Amino acid sequence: MITYTQKEAYHRDGYLIMPKLFSQEEIDLLYSVATDQSVVNQAFDLNDQSGKKTKLTLWFTAGDDSFGLMSRSKRLVEGVQTLLGEGEVCHFHSKVMQKEPRVGGSWEWHQDYGYWYKNGFLFPEAMISVMVALTDATIENGCLQVLKGTHKMQRFEHLFAGEQQGADMDFVTEAEKVSELVYCELKAGDVLFFHSNILHRSEANLSEHARWSVISAYNLSYNIPFREKHTSCIEPVQMVDDQALLASGQRVVNQADFLSKDKEITLQDLK
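Residues numbered from 1 in each chain as written. Predicted model: local features only at pLDDT ≥ 70, side-chain atom pairs only at ≥ 80, totals over all residues. Heavy atoms only, no water.

S.K.: Just to check I follow, could you spell out the environment of histidine 151 for this structure?
M.R.: Tracing the chain through its elements places histidine 151 in the loop between strand E7 (144–147) and strand E8 (158–161). Note: C-alpha distance between histidine 151 and threonine 138 (13 residues apart in sequence) is 23 Å. Other than its neighbours up to four places away in sequence, histidine 151 contacts Tyr10, His11, Arg12, Asp13, Gly14, His195, Asn197 and Ile198. In terms of polar contacts, histidine 151 uses its side chain to reach the backbone carbonyl oxygen of histidine 11, at 2.8 Å. (Helix = DSSP H or I, 4+ residues; strand = E, 2+ residues; numbered from the N terminus. Contact = heavy atoms within 4.5 Å. Polar contact = N/O pair within 3.5 Å; in protein donor to acceptor, adjacent residues only side chain to side chain.)

This is the structure we're talking about:
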């Protein structure tokens, strides 16, 4: 599904947008699960520097619920395989990002590997994030922004910014001088693949429209972390056909291994 040209663009730019990878019917089903109490009640807040709250629900094992079937779908797993190369694709975690109108907070500039480094992963090139837009993501409602090509830079030190971990702004400022800022606007059903080391952020949602998305993070099995306790990140994904999501109907996220805020390793002061 991902062409050679698209693969080259990903490795050059650090991100790739695939339009309409999920149908409206699939997105309607996923949104109904995202807004179900089984997901919403497991959310926790992280304050940005202004005090606005970002909300997310995160779990590790990709099960047989609708989101598990999404993250295990052939279109996503094979897409990840194409971009990461040789190795067994594993599901690290998935998270539903909930940016409500007027109150949804921002995410500071960061690299995902800036967080995952603290989990003890050694190889950032073996990791990737995949965002599925459940609603339209626009500049007005706080879509993801990336600094193009910054995945080729080093991992920057990450420091507390509010309750979040943000990249050292001295390095971000220098990166901004040589890297193009791109607003990754998405339609519901579009998919954004982005490198674990690319600098990205998002503004607060000051619009009247919610921005909801689900992000699945993947890892290749050889990249074994020495701090992470969950083993999903080194267990190869049991891939399912793309038709499985709709064929199974709505399946809420029950009995998942949800992350609680007090267990979030990036909020701990590791030496």
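S.K.: Would you mind going over the environment of lysine 55 with me for this structure?
M.R.: Note on placement: lysine 55 falls in strand E3 (residues 53–59). Lysine 55 has contacts with Ala43, Phe44, Asp45, Val96, Met97 and Gln98, leaving out every residue within four places of it along the chain.

S.K.: Before we go on, may I ask you to explain the pairing of strand E9 (residues 164–167) in this structure?
M.R.: When a strand is regular, its side chains alternate between the sheet's two faces. Burial along E9 is two-sided: Gln164 and Gly166 and Gln165 and Ala167, pointing in opposite directions, are all buried. Of the pairings in the sheet, the one linking E8 to E9 comprises four bridges and is antiparallel in character. Across the sheet, the residue bridging to leucine 159 is glycine 166, located in E9. (Buried < 20%, exposed > 50% of the residue type's maximum accessible area, 1.4 Å probe, protein only. Pairing = 2+ DSSP bridges.)

S.K.: Teacher, can you tell me more about the sheet that holds strand E2 (residues 44–47) here?
M.R.: Whenever strands of a sheet pair, they do so through backbone hydrogen bonds, lying parallel or antiparallel. Reading across from one edge, E1-E11-E6-E13-E4-E3-E2 is the order of the seven strands in this open sheet, with antiparallel pairing throughout. Each of the sheet's edge strands pairs with one partner strand only, and the pair in question is strand E1 (15–18) and E2. If you compare each strand with its neighbour and ignore which way they point, the axes differ by 25° on average. Relative to strand E11 (residues 191–195), E1 runs antiparallel, the two sharing four bridges. Bridge pairing in E11 links methionine 18 to valine 191. Those strands touched by helix H1 (residues 4–13) are E1, strand E6 (127–133) and E11, and its axis lies near 140° from that of E1. (Axes fitted to C-alpha atoms, helices over the stretch in contact; angles between N-to-C directions.)

S.K.: How do you make sense of the state of the cysteines when you look at a structure like this?
M.R.: The bond known as a disulfide is covalent and runs between the sulfur atoms of two cysteines. Under the definition given, this model contains zero disulfides. Note on cysteine 90: no disulfide assigned, nearest cysteine sulfur contributed by cysteine 233 at a separation of 7.3 Å. Take cysteine 233: its relative accessible area is 1%, and that puts it in the buried class. (Disulfide = S-S within 2.5 Å.)

S.K.: When you look at the nonpolar core in this model, what are you seeing that I'm missing?
M.R.: For soluble globular proteins, the rule of thumb is that nonpolar side chains tend to be buried together. Counting residues in each nonpolar core, the largest one holds 39 residues, and the members touching the most others are Phe22, Phe67, Leu76 and Phe193. When neighbours within four sequence positions are excluded, phenylalanine 22 is seen to be in contact with Ile27, Met70, Ser73, Arg75, Leu76, Val132, Gly189, Val191 and Leu245. Grouped together as the second largest cluster of nonpolar side chains are 30 residues, Tyr115, Phe121, Ala133 and Leu144 included. (Core = buried A, V, L, I, M, F, W, Y, C linked by side-chain atoms within 4.5 Å.)

S.K.: Explain the packing of aromatic side chains here, please?
M.R.: The geometry of two aromatic rings is summed up by the distance between their centres and the angle between their planes. Counted according to the given criterion, the structure contains nine aromatic pairs. Between phenylalanine 92 and tryptophan 116, the ring centres sit 5.7 Å apart and the planes meet at 75°, which makes this aromatic pair edge-to-face. Taken as a pair, phenylalanine 92 in strand E4 (residues 89–99) and tryptophan 116 in helix H6 (residues 112–116) lie far apart in primary sequence, 24 residues in all. Here phenylalanine 123 and tyrosine 222 contribute two aromatic rings whose centre-to-centre distance is 5.6 Å and whose plane-to-plane angle is 65°, an arrangement assigned as edge-to-face. One end of the pair, phenylalanine 123, is in the loop between H6 and E6; the other, tyrosine 222, is in the loop between strand E13 (211–220) and helix H8 (244–248), with 99 residues separating them in the sequence. On the basis of relative accessible area, phenylalanine 123 is assigned to the partly exposed category, the value being 35%. Among the aromatic residues, ring-to-ring pairing joins Phe60, Phe92, Trp116 and Phe121 into one connected group. Looking at arginine 75, its charged tip hangs above the ring of phenylalanine 22, at a distance of 4.1 Å from the centre. Over the aromatic face of tyrosine 117 sits the side chain of arginine 155, whose NZ or CZ is 3.5 Å from the ring centroid. (Phe/Tyr/Trp six-rings, centres within 6.5 Å; stacked < 30°, edge-to-face > 60°. Lys NZ or Arg CZ within 6 Å of the ring centre and 35° of its normal.)

S.K.: Quick question: what am I supposed to make of unusual backbone geometry here?
M.R.: Trans peptide bonds make up most of the peptide bonds, and negative phi angles are found at most residues other than glycine. Even without glycine at this site, lysine 20 takes up a positive phi of about 55°. As for its position among the elements, lysine 20 is in the loop between E1 and helix H2 (24–34).

S.K.: Hey, could you run me through the pattern of salt bridges in this one?
M.R.: Working definition: two side chains of opposite charge can pair if their charged atoms are close together. Tallying each qualifying case throughout the model produces eight salt bridges. For the salt bridge of aspartate 242 with arginine 75, the shortest nitrogen-to-oxygen distance reads 3.3 Å. One end of the pair, aspartate 242, is in the loop between E13 and H8; the other, arginine 75, is in helix H5 (residues 74–84), and 167 residues separate them in sequence. When the shortest N-O distance is used, the salt bridge between lysine 148 and glutamate 180 registers 3.6 Å. Highlighted residues: lysine 148 in the loop between E7 and E8 and glutamate 180 in the loop between helix H7 (169–178) and strand E10 (181–184), separated in sequence by 32 residues. A residue is classified by how much of its surface remains accessible, and lysine 148, at 28% relative accessible area, is partly exposed. Judged by relative accessible area, which is 47%, glutamate 180 ranks as partly exposed. (Salt bridge = Lys/Arg side-chain N within 4 Å of Asp/Glu carboxyl O.)

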